[in-house]
Structure formats: C-alpha cells, structure tokens
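# Examining the three-dimensional arrangement
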Amino acid sequence: MKGFLQLQTTIRKCLFPAAGYGTRFLPATKAIPKEMLPVLTKPLLQYGVEEAIEAGINTMAIVTGRGKRAIEDHFDISYELEHQIKNTTKESFLTEIRKVITNCTFSYTRQIEMKGLGHAILTGETLIGEEPFAVILADDLCDNADEGVLAQMVKLYDRYRCSIVAVEEVPLEETNKYGVVAVKKMDDFGEVDNLTQSNASALSEEMLFQVTNMVEKPDPKDAPSNLAIIGRYILTPDIFAILKETKPGKGGEIQITDALLEQAKQGKVIAYKFRGKRFDCGSVDGFVAATNYFYKKSEK
Ligand code: UTP
C-alpha cells in the first residue's frame, strides 16, 4: 500500500451514476428517472444521498441523462409548494428533504451516450477531480441499524487508502447479474491508520478480502466465487486514467469491473462484506421487498 499514503484522507464527494434507462421498470421509467421511484414516500436517490451524509459526505455529484430533470428539481426548493403548505400539518413532510438541501451541495453532469457504468463514472470526473470518492448506485438500497454501509466503507478507507467494493454472497445461479470477485486473505495489506477500538470490534477477518480477480456477470460455472459487487464503491482517482484506457467489455459497455481489475492487479482493491441489508430496487422483486421492509420498519 506504499505510495498511497499521500492520498487525501477523507472522502468528501459521492458520485451517483443515474443516467441509465431503467428498462426493467418500463413503462414507469419512460418519463420518470428510475432513481426517483419512491420506496414509501422517499425517492431511491434521496435514500442514497442520506446514506452519503451519514458517512460524513456533503458534496453530491450526480451523473444524469436525458429525461432526468426531476432529479435536479427534487434537490432544490419548490417555492410554490413551500408557500402552499406553510403553517399546515403537511409542512413536516418536507423536513427531511429540506435538511438534505441545506446541508449539501449538488452538482450535475450529463452522460450523453449510455455506454455503461464505467463510462458514467468517467463522465463524473469533471465533478470529482483528483481525489478519492464514493460511488452509490441508488437502485441498490441499503439499510443497517447502527451504521450505514457507506459509513462503514469510509472508515475502512481511512485505514487502508485504496479502492473498496462492497460485496454480498449471492446464490450461485445469480452470479450472471453482478460483477463477481475472486479474493484472498488480507495478509499483505498494510494499515495506514488504526481503527478506534469500537470500529475495529465491528470488523471481523471474514469481512475483508484482497481482490485478486473480477469477472463481469459470469455464468455460474465460470464464477470465481459467489461474492457479488453491489452498488457501493470507494474509488481512488487513478481509476479515471484507467477508465480512459478501458475498452468496452461485457455487453459492449465500459465496465467499472474491468477498470477495477487493473487496480486489483496492483493489489489495491479490497472487497468488504458489509453489515446490513441490500435490496436490488432495479428489479421489480427487489423493489417490492424493499417497500415491504421499509413499511414494516415505519410501523415500529
Ligand atoms: P443498470 O445496470 O441497473 O442499468 O445500471 P439501467 O439502465 O439503470 O437499468 P435497466 O437494466 O435498463 O433496467 C446500474 C447503475 O448505473 C447507472 C444506472 O443509472 C444505475 O444507477 N448507469 C448505467 C449509468 O449512469 N449510465 C450507463 O450508461 C449505465
């Protein structure tokens, strides 16, 4: 891990690639961005932004595309609406989003052609610059009681200063939906910083691995493991230079997995089995499961 010590310590920015077409949710996503579909009363993207805030991040960088204006309007004040509901009981419905708008800055850039997640992340370079950053795919909705998934990863970054992917064990027959990692024990990773006792106790050895290989959407028979990458990443800024050289891969898209593999070859990628639940809200089944879960939670 030498050579990475000079990297900035804190993660200040979170990138939200949100330019995809969301075809699995047509016709709902014909005019509404997938990231704006609500679980209960809150859009998926707002859950993601709140997770980033909990991780200590207040600069949100969003990669949008055509037909995604609703995203910018959501993270802005609606004077007419505010005026209408002022001093009524309904005012409280806007409390959470007001807090988000007041505490964060939002910047946007457009991905002109949908050339894949890797390409969307590269498009975000102009908003991120030369610093390590977090990535949240808002259609992967995560929840954890004591500490959000991104907050867990930011702490790990403080310790190891390298790219980190959140992984989850999936049934082998589902590996063809994910980027899948091959891993080994973390034996040759130096620590940059010691975790405090309370943070360290939340981690066990079985949660952290060094990534040795990555395959995008492998057939179960070719999958190197059943550890699938979900929509949470911490990336070091050298990823941009790598992405510029990355050729289209699986599905003709520029894959972030292919770029991460280049970092992994230098021993610079950690896979983290996070604490918490994850719902694939890009699929109807996952979306319904998330809705039921958050509804039950809201009743408590
Ligand atoms: P998905 O693989 O879920 O694709 O992208 P999608 O287009 O959103 O949805 P389907 O498969 O057609 O239903 C994963 C994440 O990457 C973003 C998406 O917005 C989503 O957050 N993405 C993907 C981009 O921003 N640009 C792309 O070119 C592709």
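Remember, it's a predicted structure, so these values are computed and weren't measured experimentally. (Residues numbered from 1 in each chain as written. Predicted model: local features only at pLDDT ≥ 70, side-chain atom pairs only at ≥ 80, totals over all residues. Heavy atoms only, no water.)

### Focus: helix 11 (residues 284-299)
- The first and last C-alpha atoms of helix 11 sit 23 Å apart over 16 residues, in line with the 22 Å expected at 1.5 Å per residue.
- Among the residues of helix 11, those classed as buried are Gly-286, Phe-287, Ala-290 and Phe-294. The arc enclosing the buried residues of helix 11, seen along the axis, measures out at 100°, which places them on a common side. For helix 11, exposure combined with an orientation more than 90 degrees from the buried face picks out Asp-285, Lys-296 and Glu-299.
- Those residues of helix 11 that are buried are in contact with strand 2 (38-39), helix 1 (44-54), strand 7 (140-143) and strand 13 (277-280). (Helix = DSSP H or I, 4+ residues; strand = E, 2+ residues; numbered from the N terminus. Expected span 1.5 Å × (residues − 1). Buried < 20%, exposed > 50% of the residue type's maximum accessible area, 1.4 Å probe, protein only. Arc of directions from axis to C-beta. Contact = heavy atoms within 4.5 Å.)

### Structural notes on the pattern of salt bridges
- Following the criterion strictly, the structure yields 23 salt bridges and no others.
- Two residues, Lys-13 and Glu-131, come together in a salt bridge whose shortest N-O distance is 3.6 Å. Of this pair, Lys-13 sits in strand 1 (residues 13-17) while Glu-131 sits in the loop between helix 6 (125-128) and strand 6 (133-136), placing them 118 residues apart in sequence.
- Across the pair Glu-168 and Arg-278 runs a salt bridge, and its minimum N-O distance is 3.0 Å. In this pair, Glu-168 is assigned in strand 8 (residues 163-169) and Arg-278 in strand 13, connecting sequence segments 110 residues apart. (Salt bridge = Lys/Arg side-chain N within 4 Å of Asp/Glu carboxyl O.)

### Side note on the confidence of the model for the chain
- Mean pLDDT over the chain stands at 91; residues scoring 70 or higher make up 91%.
- Here residues 1-5 is modelled with pLDDT under 50, and outside its nearest four sequence neighbours on either side it reaches 13 contacts, counting other chains as well. (pLDDT = per-residue confidence, 0-100.)

### Focus: the site of the ligand
- Neighbouring the ligand are 17 residues; Thr-23, Arg-24, Lys-34, Gln-111 and Gly-116 lie closest to it.
- Here an oxygen atom of the ligand sits 3.4 Å away from a polar atom, N or O, in the main chain of Lys-115.
- The protein chains hide 82% of the 570 Å² of surface that the ligand would expose on its own.
- Here the residues of the shell around the ligand sort into 7 nonpolar, 5 polar and 5 charged. (Near = heavy atom within 4 Å. Polar contact = N/O pair within 3.5 Å; in protein donor to acceptor, adjacent residues only side chain to side chain. Areas by Shrake-Rupley, 256 points an atom, 1.4 Å probe, with all protein chains shown as cover. Nonpolar A, V, L, I, M, F, W, Y, C, P; charged D, E, K, R; others polar.)

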